[in-house]
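# Structural features, examined
Each chain, written out:
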Amino acid sequence: MALRIHFTDDDLSRIRFAQAPDPMWEALQSMHMLQTRDGWAVFGRWRARVRPALGAPERQLLRLAPPVGYSPDFLTPAAGEGGLEPGIDALLSTPRARLRHDLLELSADGRRLPPWGRALADGDGAAVHHLGRTLRTYVRAGLAPYWDHVRARFEAERALRTRTPGAGNLLGALHPELHWRPPVLTVGGLRVERDVHLRGRGLLVLPSYFCWRYPTVLKDAALPPVVVYPMTHQGALNPADPAAGDTRAPSRSLVALLGRTRAEILRHASENGATTTELAHGTGVSVATASYHASVLRDAGLLSTHRLGNAVLHTTTPLGAALLEGRHGSAV
């Protein structure tokens, strides 16, 4: 079984790669992962920390996100691309017809809704705002402490993928279950058999940290088209070091960064990532020297180095980006 997405020439010119992780999609996918034992090496410690931290409302929220099968499309509005608050605002503005349609779809799968599910399906204002508050609380417990890690992995993924020339080549290189045969992208691993015609709407390509094994899409083909696929993981998901949350108090490692060459390397790496050779060319030093300075930046938590396939890329971490931009800390 597979989903086939049909492109026109206009659609190919309107393929967009997401610029940042979408907290609404990450929240949904993380709720899926929280209810499974999949990906133990990556998510085992995360589950052990997050599960006990959830209150009764957040545990009830999980009923809207079963780990297998359908989850309501309204949980991942397109506005989430702009961040958590725009995403929550869009969620609170979901039309009553959409709420009812998606929740009926969910209950048709035999899923038990939370106690406030019927009121939510009726568009009750109190139930809708309860959903928004509960989702915010879940994000604070399940995502916020880990967001720097998620962002760093996203930046590495984006840096690699946006180097692939040609929209079709990009689509075919993202994941083994994404197959590109012009003008059709086939999405495998889904429990559906259907065709979607974009008809000039284009497509958003969104890597997700918590998406696991298979790509996913919205069920309603009338909504803004998006393909969400699992990004590559390296090591376990761990919370950020609280001591690294404020760049105003530099550690000994950060003091060691002072100097033109390292500042230039950090800046070059911030521009869609850079290989060691590219860092050397961009700063006028040898490859060995660039490698040394990159390792110092990495040890200080300002650079991430990732091997994705045959490529090795250096990208700035959220702390590195904050230092370049004069900001302090980061948030979902």
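To keep things clear, this report deals only with the structure shown in the data block. (Residues numbered from 1 in each chain as written. Predicted model: local features only at pLDDT ≥ 70, side-chain atom pairs only at ≥ 80, totals over all residues. Heavy atoms only, no water.)

### Examining the overall build of the protein chain
If you tally the helices and strands in the protein chain, you get 15 helices and 10 strands. Each of the three principal axes of the protein chain carries a C-alpha extent, and together these read 65 × 45 × 35 Å. Taking all 332 residues of the protein chain together, the buried fraction comes to 48%. Across the protein chain, the fraction of contacts at a sequence separation of at least 24, relative to all contacts at a separation of at least 6, is 72%. If the 39 positive side-chain charges of the protein chain are averaged to one point and the 30 negative ones to another, these points end up 5 Å apart. (Helix = DSSP H or I, 4+ residues; strand = E, 2+ residues; numbered from the N terminus. Buried < 20%, exposed > 50% of the residue type's maximum accessible area, 1.4 Å probe, protein only. Contact = heavy atoms within 4.5 Å. Lys, Arg positive; Asp, Glu negative; His and termini not counted. Charge placed at Lys NZ, Arg CZ, Asp CG, Glu CD.)

### Considerations on the sheet that holds strand β8 (residues 226-230)
One open sheet holds the 4 strands; their spatial order is β2-β6-β8-β7, and the pairing between them is mixed. In this open sheet, the two edge strands, each paired with only one partner strand, are β2 (15-17) and β7 (216-217). Both strand β6 (residues 203-208) and β8 contribute to a ladder of 5 bridges, which runs parallel. Counterpart to L204 in the pairing with β8 is V226. Of the strands in this sheet, β2, β6 and β8 are in contact with helix α9 (residues 147-161), which crosses β6 at around 135 degrees. (Pairing = 2+ DSSP bridges. Axes fitted to C-alpha atoms, helices over the stretch in contact; angles between N-to-C directions.)

### As for empty space enclosed by the protein
To find leftover empty space, one rolls a probe the size of a water molecule over the atoms. Under the definition given, this model contains 1 cavity of 30 Å³ or more. Counted as a void, the largest cavity has a volume near 110 Å³. Forming the walls of the largest cavity are 14 residues, and the residues nearest its centre are V196, V217, L218, P225 and V226. Residues belonging to the lining of the largest cavity are distributed by class as follows: 12 nonpolar, no polar and 2 charged. (1 Å grid on protein atoms, 1.4 Å probe; cavity = no way out; pocket = protein on both sides within 12 Å on 5 of 7 lines; lining within 4 Å. Points joined across faces, edges and corners; volume = space filled by probe spheres on them. Nonpolar A, V, L, I, M, F, W, Y, C, P; charged D, E, K, R; others polar.)

### What about the sheet that holds strand β1 (residues 2-6)?
Backbone hydrogen bonds hold the strands of a sheet together, and the pairing may be parallel or antiparallel. Sheet architecture is open: 4 strands sit in the order β3-β4-β1-β5, paired in mixed fashion. One side of each edge strand has no neighbouring strand; the edge strands of this open sheet are β3 (178-181) and β5 (194-197). With strand direction ignored, the average angle separating the axes of adjacent strands in the sheet is 20 degrees. For β3 and strand β4 (residues 184-188), the ladder comprises 4 bridges, and the chain directions are antiparallel.

### Notes on the layout of surface pockets
A volume near 990 Å³ is recorded for the largest pocket. In terms of lining, the largest pocket is formed by 34 residues, of which the most central are P67, V68, G69, L190 and T216. Only α2 (23-34) and β7 provide two or more residues apiece to the lining of the largest pocket. Here the lining of the largest pocket takes 5 residues from α2, the largest share from any one element. Classifying every residue of the lining of the largest pocket by side-chain character gives 17 nonpolar, 8 polar and 9 charged.

### Some points on the packing of aromatic side chains
How two aromatic rings sit relative to each other is set out by the distance from centre to centre and by the angle between their planes. What the rule picks out here adds up to 7 aromatic pairs. Geometrically, the ring pair formed by F43 and W212 is edge-to-face, given 5.6 Å between the ring centres and 75 degrees between the ring planes. Here the residue F43 occupies a position in helix α3 (residues 40-53), and W212 occupies one in the loop between β6 and β7, the gap between them amounting to 169 residues. Taking 5.0 Å as the distance between ring centres and 50 degrees as the angle between the ring planes, the aromatic pair formed by W46 and F210 counts as tilted. Here W46 is found in helix α3, whereas its partner F210 is found in the loop between β6 and β7, with 164 residues between them in sequence. The same class applies to W46 and to F210, which are both buried. Connected via pairs of aromatic rings, a cluster forms that spans F43, W46, Y209, F210 and W212. (Phe/Tyr/Trp six-rings, centres within 6.5 Å; stacked < 30°, edge-to-face > 60°.)

### Re the nonpolar core
Counting 50 residues, the largest nonpolar core has W46, L64, L120 and F210 as the members making the most contacts within it. Per-element tally for this core: the top contributor is α2, with 7 residues. Judged by nonpolar contacts, the second largest core, of 20 residues, contains I5, I15, L185 and V196. (Core = buried A, V, L, I, M, F, W, Y, C linked by side-chain atoms within 4.5 Å.)

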